[in-house]
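Remarks on the overall topology
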Amino acid sequence: MAQLTGAEIFVEALKREGVKTIFALPGGVVLKIFDVLHQQCDVEVILTRHEQAAGHMAEGYAKATGKPGVCLITSGPGMTNVITALADAYMDSVPMVCFSGQVPTAMIGNDAFQEADNIGLSRPCTKYNFLVKDVNDLAQTIKEAFYIASTGRPGPVLVDIPKDISMDKADFKYPDSVSIRGYNPTYEGSKWKIKQAADAIMKSRRPILYIGGGVQLSGASQEVRELAEMTQIPVDSTLMALGAFPGGHPLSLGMLGMHGTYVANMAMHYSDLVIAIGARFDDRVTGKVSEFCPNAKIIHIDIDPTSIRKNIHVDIPIVGDCKRVVQELNNVLRATVNGDQKELRKPWWDQLNEWKAEHPLSYQQDPDQLIKPQYLIDRVFQLTRDRDPIVSTDVGQHQMWSAQYFQLANPNTWLTSGGLGTMGFGFPAALGAQAAFRDRLVLCIAGDGSVQMNTQELATAVVSNLPVKVFIINNRFHGMVRQWQDLFYEGRYASSYLDQTPDFVKLAEAYGAAGLRIKTPNEVDDGIREAIAIDKPVFIDVPVDQFENCYPMIPAGGCNHEMILEDPPELRKRQTTGVKGKKESTDTILTA
Amino acid sequence: MEHIISVTLENKSGALSRVAGLFSGRGFNIESLSVAPTLDPTVSMMTIVTSGDERIIEQILKQLNKIIDVIKVVDLNESEAVGRETALIKVHTRSEDRAEALRIADIFRANVVDSSPTSYTIEVTGDVQKIQAIIQLLQPLGIKEIVRTGRIAIAREALRAVASQPRPLAKAN
Ligand SMILES: Cc1ncc(C[n+]2csc(CCOP(=O)(O)OP(=O)(O)O)c2C)c(N)n1
């Protein structure tokens, strides 16, 4: 058998794993690997301009395809730069394998040039990590890394490869299977518990399905839909679940949580049975734990036993893969459901419809006034929905509005940073998805604050022909911070006003991308159509009303049925009279 | 409540820091931790003494199980397990106290493992109460230094067969 270098083994292993694209940035200790990558064309290398972005691109790729995203970075600063993306992927259970270069084995621990303790740095933000100390272990390690990243509750895995390992030679044999004695995820749920769950569902009068990112990850959309339709139970989606259940479905109540819809949060609070599927009772969903769903029994289906009873008490815990458990649950229910479920659920649905009508999501767009951010987002959704776009977001108000107004119809079309809330995620994540699906429409709804954390990737977008459309909801503020300051800090805008926002049109053009600006409400539709028609990456700068706030809102630690639904009177007064913010802000874009 | 948790894990670098990192990262208490290889050199056995209410202990057990290097986790309830600790106690001894020191050591079936004209080093093994008791008696003589191993524990075989079993958690991630 011909011996291969570590670098060659690395590339062969990627091919065996079916990896088509990796996101990478070179450095001294990984040059050998890049050299081998350069001389083949099975694996495409997308050169990014920052390692954090390489990580987010791998995440976007993974979320859109359901397969592990891969990035390759160098030791020391390359490693520290990618940490944010690893932490983000860990929080949101994104399957991802990150390869980092390391100083030669003989120098590890000597504070060598660009040495960092990659294993120590990444340990708390990866599902697992490996330091490869012998080239003979490399193939096995890569196999295990992909296996761990993509099975059970998915997550990021780091493989640290010292420089000498990439040059040493070994026989190459790629293992067919993996067996790790300490790692055996439970996929099948307990039949007995599933039966209990079915009984509880049959007895319940006000049940609610609370679905999370686990439904996307396990590909359980179809099963969840069948469950909901069979039993006529309403569906609340978390931020991570959007698209896993069609947003426009009559049974969908939209997103729940801090900025969820009124009806979604009321339904949770007054339900008598919560059926949580692949969701983790995050504090942005539970609000005040002691008053969370006071009258409900709770069924919790999750592949990760640690998610169960971590934050709240669960009556019927079911550890298993969402898809398989819901399949089994449907089987049991199909045999027991009788009578007209619509009729049975009518009183509950009457109540829900009342809540829906009482406080629907709303905004007011005056044709002669500034563009409302909600209006822009709503129009982007309406004008692109027939193309089944992939949508990414940054973090802030625009993210929450996107979650509210984009009624996505399909899973794996929503890329957002939920658990970590990472500003700067949106643009690179969109690029990663576009690299996976060259022919699809990929949109990014960005904030003017967030997007500036990764604008350097315009270069990557242009050079690698990734024609994503980035709508920058430009409010010249860290809008979400400003909103909290308005509501809880008497309108003192400490470091939230961004009075030096760049000209995003020129910025895009400087990189060879296209730039557009949409200035008035009546330009919105044409502007969106024009942007989408351009076969290049586009930054669309949309100056919007600076003081729009995102509602409903449950203040941190508040109760789910006590939502703020509109600007409180004292805030309205402040804005029309004394207006600290308005007067202080010398808003150049608007006066221009 | 205090819990003794026995953890079987891969004997490789990094495994210990994953366990330690779990406790520090999630704010769990750790009273003592001891670890050494088993008969199978690829496997280590760790005994962790921790405390917390039922919900916290449940999380600790689940989180330990989630660590990929962890092979098995058993919550050893005090009554179902034998727990032992060893202490090395260096006692300052004036000549009139030397006999007293030896007598105390004798009562506790402890050994004198080192002696100098002004000190004895006493080795004692036992459960927590025993260690605490000997320390209390030696204190008036003047303890110079003390080193403890932290507890190790093993499930009782007889009880395991009849009464309530220690609960091995199904390993699941
Ligand atoms: C990396 C990072 N730093 C800080 C924050 C805290 N933060 C949350 S939202 C926000 C403002 C976001 O502003 P922008 O991107 O303009 O979006 P907007 O809220 O205005 O829509 C900030 C600073 C964060 N989430 N991520």
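Residues numbered from 1 in each chain as written. Chains lettered and ligands numbered in written order. Predicted model: local features only at pLDDT ≥ 70, side-chain atom pairs only at ≥ 80, totals over all residues. Heavy atoms only, no water.

**Quick notes on the overall build of chain B**
Put simply, the rule reads: Only DSSP runs of H or I covering at least 4 residues are called helices, and only runs of E covering at least 2 are called strands; the numbering of each starts at the N terminus. Each residue gets one of three labels from its accessible area relative to the maximum for its type: buried under 20%, exposed over 50%, partly exposed in between, using a 1.4 Å probe on protein chains only. The contact criterion used is simple: two residues touch if any of their non-hydrogen atoms lie within 4.5 Å. Every accessible area reported is derived by Shrake-Rupley at a probe size of 1.4 Å, with residue values counting cover from the shown protein chains alone.
Along its length, chain B carries five helices and ten strands. Per-residue burial for chain B yields a buried fraction of 45% across its 173 residues. Taking as baseline every contact in chain B between residues at least 6 positions apart, the subset at least 24 positions apart corresponds to 74%. Carbon and sulfur atoms form 55% of the exposed surface of chain B, whose accessible area is close to 9,100 Å².

**Some thoughts on the sheet that holds strand β20 (residues 538–543) of chain A**
Residues and elements named next belong to chain A. The condition that has to hold: In this analysis, strands are considered paired if DSSP registers two or more bridges between them. Under this scheme, a helix contributes an axis fitted over its contacting stretch, all axes are lines through C-alpha atoms, and angles between N-to-C directions fall in the 0 to 180 degree range.
On the basis of which strands lie adjacent, the open sheet formed by six strands has the order β16-β15-β17-β18-β20-β19 and parallel pairing. The open sheet is flanked by β16 (414–415) and β19 (514–517), the only strands paired with a single partner. One ladder, built from six bridges, connects strand β18 (residues 469–474) with β20; its direction is parallel. Among the inter-strand pairings, Lys469 is bridged to a residue of β20, identified as Val538. Where helix α16 (residues 373–384) meets the sheet, it contacts β17 (442–447), β18 and β20, and its direction lies at approximately 160° from that of β18.

**Observations regarding the packing of helix α3 (residues 51–65) of chain A against helix α18 (residues 426–436) of chain A**
Residues and elements named next belong to chain A. How we decide: By definition in this entry, angles of less than 35 degrees are roughly parallel, angles greater than 145 are roughly antiparallel, angles of 65 to 115 are roughly perpendicular, and the rest are oblique. Throughout, a crossing is termed right-handed when the near helix is turned clockwise from the far one, and left-handed when it is turned anticlockwise from it by less than a right angle. Think of it as three bins: nonpolar holds Ala, Val, Leu, Ile, Met, Phe, Trp, Tyr, Cys and Pro, charged holds Asp, Glu, Lys and Arg, and polar takes everything else, Gly as well.
Where α3 contacts α18, the axes come no closer than 6 Å and their chain directions differ by 50°. As summarised for this structure, α3 and α18 are arranged oblique, according to the angle between their axes. α18 is crossed by α3, and the crossing has right-handed handedness. Judged by residue contacts, Ala53, His56, Met57, Gly60, Tyr61, Ala64 and Thr65 of α3 engage Pro428, Ala429, Leu431, Gly432, Ala433 and Ala436 from α18. The residue inventory of the contact of α3 with α18, partitioned by class, reads nine nonpolar, four polar and no charged.

**Notes on helix α1 (residues 15–25) of chain B**
Residues of α1(B) that are buried: B:Ala15, B:Arg18, B:Val19, B:Gly21, B:Leu22 and B:Phe23. As for α1(B), its buried residues are in contact with β6 (128–131) of chain A together with β1 (2–10), β3 (43–51), α2 (54–66) and β4 (70–76) of chain B. Residue B:Gly27 follows α1(B) closely and has a positive phi angle near 70°.

**Comments concerning the interface of chain B and chain A**
Heads up, the condition is: Two parts placed together each lose some accessible area under a 1.4 Å probe, and adding up what both lose gives the buried area. Take a side-chain nitrogen of Lys or Arg and a carboxyl oxygen of Asp or Glu: if they are within 4 Å of each other, that pair is a salt bridge.
With 23 residues of chain B in contact, the opposing surface of chain A contributes 21 residues. Buried surface at the junction of chain B and chain A, both sides included, amounts to about 2,000 Å², of which 47% is carbon and sulfur. For the pair chain B and chain A, the number of links is three salt bridges. Between B:Lys66 and A:Asp304 there is a salt bridge whose closest N-O contact spans 2.6 Å.

**With respect to the packing of aromatic side chains**
How we decide: Side-chain rings of Phe, Tyr and Trp, where Trp is taken by its six-membered ring, are said to pair if the distance between their centres is within 6.5 Å; with planes under 30 degrees apart they count as stacked, over 60 as edge-to-face, and otherwise as tilted. Note on criteria: charge over ring means Lys NZ or Arg CZ within 6 Å of the ring centre, with the direction from the centre no more than 35 degrees off the ring normal.
Overall, the coordinates contain 20 aromatic pairs over all chains when judged by the stated rule. Here the aromatic rings of A:Phe99 and A:Phe146 are separated by 6.5 Å at their centres, their planes lie at 40°, and the arrangement is tilted. Taken as a pair, A:Phe99 in strand β5 (residues 96–102) and A:Phe146 in helix α6 (residues 138–150) lie far apart in primary sequence, 47 residues in all. What makes A:Phe146 buried here is its relative accessible area of 3%. Geometrically, the ring pair formed by A:Tyr363 and A:Tyr405 is edge-to-face, given 5.6 Å between the ring centres and 75° between the ring planes. Separated by 42 residues along the polypeptide, A:Tyr363 in the loop between α15 (346–358) and α16 and A:Tyr405 in helix α17 (residues 397–405) bring together distant segments of the chain. Judged by relative accessible area, which is 24%, A:Tyr363 ranks as partly exposed. Accessibility expressed as a relative area gives 9% for A:Tyr405, which makes it buried. An aromatic cluster is present here, built from A:Phe477, A:Tyr493, A:Tyr497 and A:Phe547 joined pairwise through their rings. Above the plane of the ring of A:Phe477 lies A:Arg482, whose end atom (NZ or CZ) is 5.7 Å from the centre. Lying over the aromatic face of B:Tyr120, B:Arg98 brings its terminal NZ or CZ to 4.3 Å of the ring centre.

**Points about the side chain of A:Asn118**
Residues and elements named next belong to chain A. The residue Asn118 is located in helix α5 (residues 118–122) in this model. Residue Asn118 is classed as buried on the basis of its relative accessible area of 0%. Among all residues touching Asn118, those that are not within four sequence positions of it are Ser75, Gly76, Met79, Ser100, Gly101, Gln102, Leu158 and Asp160.

**Topic: the side chain of A:Thr501**
Residue and element names in this part refer to chain A. This is how it is decided: Think of a polar contact as two N or O atoms within 3.5 Å of one another; within protein, one of them needs to be a possible hydrogen donor and the other a possible acceptor, and neighboring residues in sequence only count if both atoms come from side chains.
As for its placement among the helices and strands, Thr501 is situated in the loop between α21 (479–488) and α22 (504–510). With relative accessibility at 14%, the residue Thr501 sits in the buried group. Polar side-chain contacts of Thr501 include one of 3.1 Å to the backbone oxygen of Leu498. Setting aside residues up to four positions removed in sequence, Thr501 forms contacts with Asp448, Gln452, Asn474 and Arg476.

**Details of the site of the ligand**
Residue and element names in this part refer to chain A. Note the threshold: Whether a residue is near a molecule or strand depends on its heavy atoms: it is near if one of them lies within 4 Å of it.
Close contacts around the ligand come from 17 residues, with Gln397, Gly421, Gly449, Ser450 and Gly479 the closest. The backbone of Gly421 places a nitrogen or oxygen atom 2.8 Å from a nitrogen atom of the ligand. Residue Asp448 places a side-chain N or O atom 3.1 Å away from an oxygen atom belonging to the ligand. Isolated, the ligand exposes 590 Å² of accessible area, and the fraction of that covered by the protein chains is 76%.

**Quick look at the pattern of salt bridges**
Per the counting criterion, the structure on display carries 38 salt bridges over all chains. Because the salt bridges share partners, they merge into one network encompassing A:Glu12, A:Lys15, A:Arg16 and A:Asp42.

**Things to note about the sheet that holds strand β9 (residues 207–211) of chain A**
Residue and element names in this part refer to chain A. Pairing in this open sheet of six strands is parallel, and the strands run β11-β10-β9-β12-β13-β14 from one edge to the other. The sheet is open, and its two edges are formed by β11 (252–255) and β14 (316–319), each paired on a single side. Ignoring which end each strand starts from, the neighbouring axes of this sheet average 15° apart. Where β9 lies against strand β10 (residues 235–237), three bridges are found, and the strand directions are parallel. Pairing of Ile211 across the sheet is with Ser237, part of β10. Running over the sheet, helix α10 (residues 221–231) touches β9, β10 and β12 (273–277) and is turned about 170° from β9. Here helix α11 (residues 262–270) sits on the sheet and contacts β9, β10, β11 and β12; the angle it forms with β11, its principal contact strand, is near 105°.

**Side note on the confidence of the model for chain A**
Residues and elements named next belong to chain A. Worth spelling out the cut-off: Each residue carries a pLDDT score, the predictor's confidence in it, ranging from 0 to 100.
Mean pLDDT over chain A works out to 95, with 97% of the residues at or above the 70 mark. Across residues 578–585 the pLDDT falls below 50, and counting only partners more than four positions away or on other chains, this stretch makes twelve contacts in the model. Counted against residues more than four places away or in other chains, residues 588–592, with its pLDDT under 50, gives eight contacts.

**Concerning the environment of A:Trp401**
Within the element layout of this structure, A:Trp401 appears in helix α17. Sequence separation of A:Trp401 and A:Tyr375 is 26 residues, and the distance between their C-alpha atoms is 9.6 Å.

**As for the packing of helix α1 (residues 6–16) of chain A against α6(A)**
Residues and elements named next belong to chain A. At a minimum axis separation of 9 Å, α1 and α6 run at an interaxial angle of 35°. For the pair α1 and α6, the crossing hand works out as right-handed. Taking contact as the criterion, the partners of Gly6, Ile9, Phe10, Ala13 and Leu14 in α1 are, on α6, Leu138, Ala139, Ile142 and Phe146. The residue inventory of the contact of α1 with α6, partitioned by class, reads eight nonpolar, one polar and no charged.

**Considering the domain arrangement of chain A**
All names here are of chain A. In plain terms, the rule: These domain limits were set by an automatic method or by a database of domain assignments.
Domain boundaries in chain A define domain 1 (4–170), domain 2 (191–358) and domain 3 (373–591). In this structure, domain 2 and domain 3 have C-alpha centres spaced 30 Å apart. Note on domain 2 versus domain 3: buried area summed over both sides is about 2,300 Å², and carbon and sulfur give 63% of it. Considering only the surface of domain 2 that becomes buried against domain 3, Leu239, Met258 and His259 emerge as the three largest contributors, covering 28% of it. Run the count over domain 2 and domain 3 and you get zero salt bridges. On inspection of domain 2 and its partner domain 3, the count reaches ten residue pairs in polar contact (both at pLDDT 80 or more). When contributions to the side of domain 2 that touches domain 3 are tallied by element, the ones reaching two or more residues are α11 and α12 (283–286). The biggest single contributor to the side of domain 2 that touches domain 3 is α11, with five residues.

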